[in-house]
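Architecture at a glance
Spelled out from the first residue to the last, the chains are:
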Amino acid sequence: MDAKYDVVVVGGGAAGLSGALTLGRARRKVLVIDAGRPRNAPAEGVHTYLGREGVPPLELLAAGREEVTGYGGEIVTGTVESAERLDGGGFRVLLDDGSAVEAGRLLVTTGLVDELPDVPDLAERWGRDVLHCPYCHGWEVRDQAIGVLGTSPLSVHQALLWRQWSENVTLFLHTAPDLDAQQREQLAARGVAVVEGKVTGLEVTDDRLAGVRLADGRVVACRALAAASRLTARAGLLAGLGLETEEQEMSGYVIGTRVPADPSGATSVPGVWVAGNVTGLTEQVIGAAAAGVRAAAAINADLIAEETRRAVAARAWAHGAQEHESDEAYWDARYGQSAQMWSGNPNVMLVREVTDLEPGTALDLGCGEGADAIWLAGRGWRVTAADVSGVALERAAEHATGAGVADRIDWQRHDLSASFPEGTYDLVSACFLHSPRDLPREAILRAAASAVAPGGVLLVVGHGGWASWVENPPFEADFPTPQDVLDALALPEGEWEVLVSEEYEHTQNSPDGHPGTRTDNVLKVRRLPGDPR
């Protein structure tokens with residue numbers, strides 16, 4: 001199980017596996033998380049499923065799992081406890097074993113729970129000879145004595161429906177409302193017997209239903225009992241996303257709860273789809289499978305739309321960088337394309353190389369949305385943070401306020417090719433100063449070195465090349481090695497010492513979540529304390 005997927009499917013029944021199969025064939029990275037407790041497990045077979053009529057439920061699921069994995073999908077056994085939205089987009093899914101995975105989209109197919117009538121022995125016979133759906137089980141009990149357990153205003157409809165499969169149908173009123181004259185006439189006309197009184201238990205002989213026991217001691221023979229359950233969507237894991245269930249009615253009577261969604265399965269939470277009985281309470285297996293396919297197609301289309309937006313942005317990066325009159329205008333437009341461009345986490349090399357330094361004054365060049373500056377301020381540094389984009393600086397200032405370090409950071413807007421922050425600093429950090437526009441990087445880094453106080457440190461971190469997943473680089477870029485950077489700095493001999501000069505390869509997921517690698521480099525130099533400057 002990897003850390004990130006295009007889609008995580010929660011629930012491995014017909015809807016979930018059909019959705020995962022569709023997405024796998026669409027070349028998506030898919031994970032199915034299934035608790036392994038299918039609702040229809042007690043049934044002998046799945047019915048009205050064209051081409052698979054009568055197949056045992058577990059056999060159908062086993063075949064579906066094999067088909068999903070055959071197209072690269074992954075399936076794990078587990079229970080999802082909750083899901084939460086990530087700041088940078090997508091979701092984190094938390095499992096009961098403490099593990100977590102990330103997903104660009106969620107497809108929830110967790111089904112429902114049958115809340116059965118409170119009748120002794122009924123739950124033990126559920127799915128065997130206590131039945132809920134005549135289309136699923138009617139043929140198997142045709143022409144036998146069938147009882148209908150009355151529990152709601154829908155019980156008359158239920159009895160008349162089961163009459164299609166047998167002439168020997170009895171409606172046990174149990175807790176159903178009293179019948180009116182018209183209902184009694186309908187039942188009599190169809191030859192449906194009506195038995196008053198409350199049902200107190202079932203009679204079972206040789207592990208077969210033999211009859212229904214009433215409160216007055218009577219036992220009425222029957223070989224199958226139709227009972228309606230209250231249908232409750234398994235949707236607790238969605239609560240953290242603000243997604244609530246709603247009641248579903250039939251003929252004005254509430255039969256249960258569902259997760260509301262549009263015809264494609266899209267919920268009111270962007271990025272979350274549902275399919276199957278969690279949203280369609282009366283859906284049969286073949287309908288749930290079809291709903292899974294529809295939802296998967298909608299998810300794939302949504303992902304394509306997002307990937308197209310990213311491609312357009314990359315094209316603008318590559319071909320539109322020179323369309324703006326100034327660097328400020330370009331980078332403001334670039335940051336304005338999304339609510340957040342970067343992860344919000346500090347640079348790992350900054351953390352590694354600065355953690356042991358005594359806090360003092362720091363200059364963060366190209367600070368972007370402020371993650372490095374905020375981390376430094378949180379460790380006691382007084383930071384001057386500079387960037388060319390006013391949009392980025394506004395976001396950074398908001399993040400600093402939220403982190404409680406706004407008073408320790410001075411945000412300054414500079415086009416470093418034209419102006420530079422004043423003063424000297426105990427730490428000057430220049431991380432990933434790469435740009436599709438003309439950028440005098442060497443001159444900026446020499447200015448950065450000049451801003452280092454005696455005894456202070458200059459940290460330069462940069463990419464060593466394009467990431468492994470970039471097949472067609474969007475623009476020509478210079479990726480100097482640490483030695484190239486050191487040579488370009490032209491540091492006076494005897495005034496500096498090199499602390500770190502290395503290239504390193506690390507794993508990193510591509511924007512679509514697939515694992516990849518990239519090479520970066522780090523140069524850390526220290527101005528000797530005796531430098532008279």
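Here, every reference points to the structure presented above.
Throughout this description, residue numbers start from 1 for each chain and increase along the sequence as written. Reporting of local features is limited, given that this is a predicted model, to residues whose pLDDT is at least 70; pairs of side-chain atoms are given and counted only at 80 or more, and all residues count toward the totals for whole chains, interfaces and linings. Hydrogens and waters are ignored; side-chain quantities use all the structure's heavy atoms.

1. Overview of the overall build of the chain
- By definition, any uninterrupted DSSP run of H or I lasting at least four residues is a helix, any uninterrupted run of E lasting at least two residues is a strand, and each is numbered from the N terminus. Broken down by element type, the chain carries 13 helices and 26 strands.
- In terms of overall dimensions, the chain is more spread out than a globule: its C-alpha atoms have a radius of gyration of 33 Å, far above the 24 Å expected for 533 residues.
- On the principal axes, the C-alpha backbone points of the chain span a range of 110 × 45 × 45 Å.
- Within the chain, the fraction of its 533 residues that count as buried is 48%.
- Relative to all contacts within the chain whose residues are 6 or more apart in sequence, the contacts with residues 24 or more apart total 64%. Computation of the radius of gyration draws on C-alpha atoms, with the globule rule given as 2.2 Å multiplied by the number of residues to the power 0.38. When accessible area is computed with a 1.4 Å probe and restricted to protein chains, residues below 20% of their type maximum are described as buried, those above 50% as exposed, and intermediate ones as partly exposed. Any two residues having at least one pair of non-hydrogen atoms within 4.5 Å are treated as being in contact.

2. Brief notes about the environment of Val169
- Looking at where Val169 falls in the secondary structure, it is placed in strand S10 (residues 169-172).
- Since its relative accessible area comes to 1%, Val169 is described here as buried.

3. Side note on the sheet that holds S10
- Pairing between two strands requires that DSSP report at least two bridges joining them. An order of S8-S15-S9-S10-S11 is seen for the five strands of this open sheet, with the pairing classed as parallel. The open sheet terminates on both sides in strands that have one partner only, identified here as strand S8 (130-131) and strand S11 (193-195).
- Taken together, the two bridges between S8 and strand S15 (residues 224-227) define a ladder with parallel strand orientation. By the bridge assignment, Val130 is partnered in S15 with Leu225.
- Orientation is described by lines fitted to C-alpha atoms, with helices fitted over the stretch in contact, and by angles between N-to-C directions that extend from 0 to 180 degrees. On the sheet, helix H5 (residues 155-162) packs against S8, strand S9 (146-149), S10 and S15 and is oriented at approximately 165° with respect to S9.

4. Observations concerning unusual backbone geometry
- Look at Asp206: it is not a glycine, yet its phi comes out positive at around 55°.
- Although it is not a glycine, Ala490 adopts a positive phi angle of roughly 50°.
- With respect to the helices, strands and loops of the structure, Ala490 is situated in the loop between helix H13 (482-489) and strand S25 (496-509).
- In this structure Ala490 comes out as exposed when scored by relative accessible area, which is 55%.

5. Quick look at the pairing of strand S26 (residues 515-527)
- Examined bridge by bridge, strand S24 (residues 452-463) and S26 share seven bridges and lie antiparallel to one another. For His463, the partnering residue across the bridge sits in S26 and is Asp520.
- Where S25 and S26 come together, 13 bridges link them in antiparallel fashion. Opposite Ser501, over in S26, you have Leu523 as the bridge partner.

6. Focus on the sheet that holds strand S13 (residues 208-214)
- Ordered in space as S12-S13-S14, the three strands form an open sheet in which the pairing is antiparallel. Each having just a single partner strand, strand S12 (199-205) and strand S14 (219-221) make up the two edges of the open sheet. Mean inter-strand twist for the sheet, computed between neighbouring axes without regard to direction, equals 30°.
- Relative to S13, S12 runs antiparallel, the two being bridged by six bridges. In the strand pairing of S13, Val204 is matched with Leu209.

7. Digging into the environment of Lys524
- Note on placement: Lys524 falls in strand S26.
- As a C-alpha pair, Lys524 and Asp410 span 114 residues in sequence and 24 Å in three-dimensional space.
- Aside from chain neighbours lying at most four places away, what touches Lys524 is Glu353, Val457, Leu458, Leu459, Glu497, Val498, Leu499 and Val500.
- From its side chain, Lys524 meets the backbone oxygen of Glu353 in a polar contact 2.8 Å long. Polar contact is the term for a pair of N or O atoms within 3.5 Å; when the atoms are in protein, one must be able to donate a hydrogen and the other to accept it, and sequence-neighboring residues count only if both atoms are side-chain atoms.

8. Details of the pattern of salt bridges
- Criterion for a salt bridge: a side-chain nitrogen of Lys or Arg within 4 Å of a carboxyl oxygen of Asp or Glu. Per the counting criterion, the structure on display carries 21 salt bridges.
- Across the salt bridge formed by Glu306 and Arg105, the nearest N and O atoms sit 2.7 Å from each other. Within this pair, whereas Glu306 is found in helix H7 (residues 285-319), its partner Arg105 is found in strand S6 (residues 100-108), the two being separated by 201 residues in sequence.
- The class for Arg105 is buried, based on a relative accessible area of 7%.
- One salt bridge in this structure joins Arg518 and Asp520, with 3.8 Å as the shortest N-O distance. The exposure classification of Arg518 matches that of Asp520, with both residues buried.

9. As for the side chain of Arg28
- Turning to its location among the elements, Arg28 is positioned in the loop between helix H1 (14-25) and strand S2 (30-34).
- There is a polar contact of 2.6 Å between the side chain of Arg28 and the side chain of Glu307.
- The contacts of Arg28, once residues within four sequence positions are left out, are Asp6, Leu23, Asn300, Leu303, Ile304 and Glu307.

10. Examining a negative patch on the surface
- Residues Glu442, Asp478, Asp484, Asp487 and Glu503 make up a contiguous surface patch of negative charge.
- Assignment of secondary structure puts Asp484 in helix H13.
- For Asp484, a relative accessible area of 39% translates into the label partly exposed. For patch building, the residue pool is restricted to those with more than 30% relative accessible area and no salt bridge; the joining distance is 9 Å between like charges and 5 Å between nonpolar side chains (Val, Leu, Ile, Met, Phe, Trp, Tyr). Per-residue and other accessible areas follow the Shrake-Rupley method at a 1.4 Å probe size, with only the shown protein chains counted as cover for residues. His is not counted, nor are the chain ends, whereas Lys and Arg count as positive and Asp and Glu as negative. Working definition for charges: the position is that of NZ of Lys, CZ of Arg, CG of Asp or CD of Glu.

11. Brief notes about the state of the cysteines
- For the purposes of this analysis, a disulfide is any pair of cysteine sulfur atoms at a distance within 2.5 Å. In the structure shown here, the tally under the stated rule is zero disulfides.
- Left without a disulfide partner, Cys136 is nearest to the cysteine sulfur of Cys133, which lies 3.1 Å away.

12. A closer look at helix H8 (residues 327-335)
- Considered for burial, the residues of H8 that qualify are Asp327, Tyr330, Trp331, Arg334 and Tyr335. An end-on view of H8 places all buried positions within 125° of arc, on one side of the element. Working note: the arc is built from the helix axis to C-beta atom directions.

13. Comments concerning the environment of Ala449
- You can see Ala449 is positioned in helix H12 (residues 441-450).
- Non-local contacts of Ala449, meaning those with residues more than four positions away in its chain, are made with Leu458, Leu489, Leu491, Trp496 and Arg527.

14. Digging into the nonpolar core
- The set of buried Ala, Val, Leu, Ile, Met, Phe, Trp, Tyr and Cys residues whose side-chain atoms join them within 4.5 Å is what this entry labels a nonpolar core. Membership of the largest hydrophobic core comes to 27 residues, with the highest contact counts inside it found for Val354, Leu376, Val383, Ile409 and Trp411.
- Sorting the residues of this core by element identifies helix H9 (348-354), helix H10 (371-378), strand S21 (382-387), helix H11 (390-403), strand S22 (409-413), strand S23 (425-431), S24 and S25 as the ones contributing at least two each.
- The element best represented in this core is H10, accounting for five residues.
- In this structure, Leu237, Leu241, Val259 and Val274 belong to the second largest nonpolar core, which totals 26 residues.

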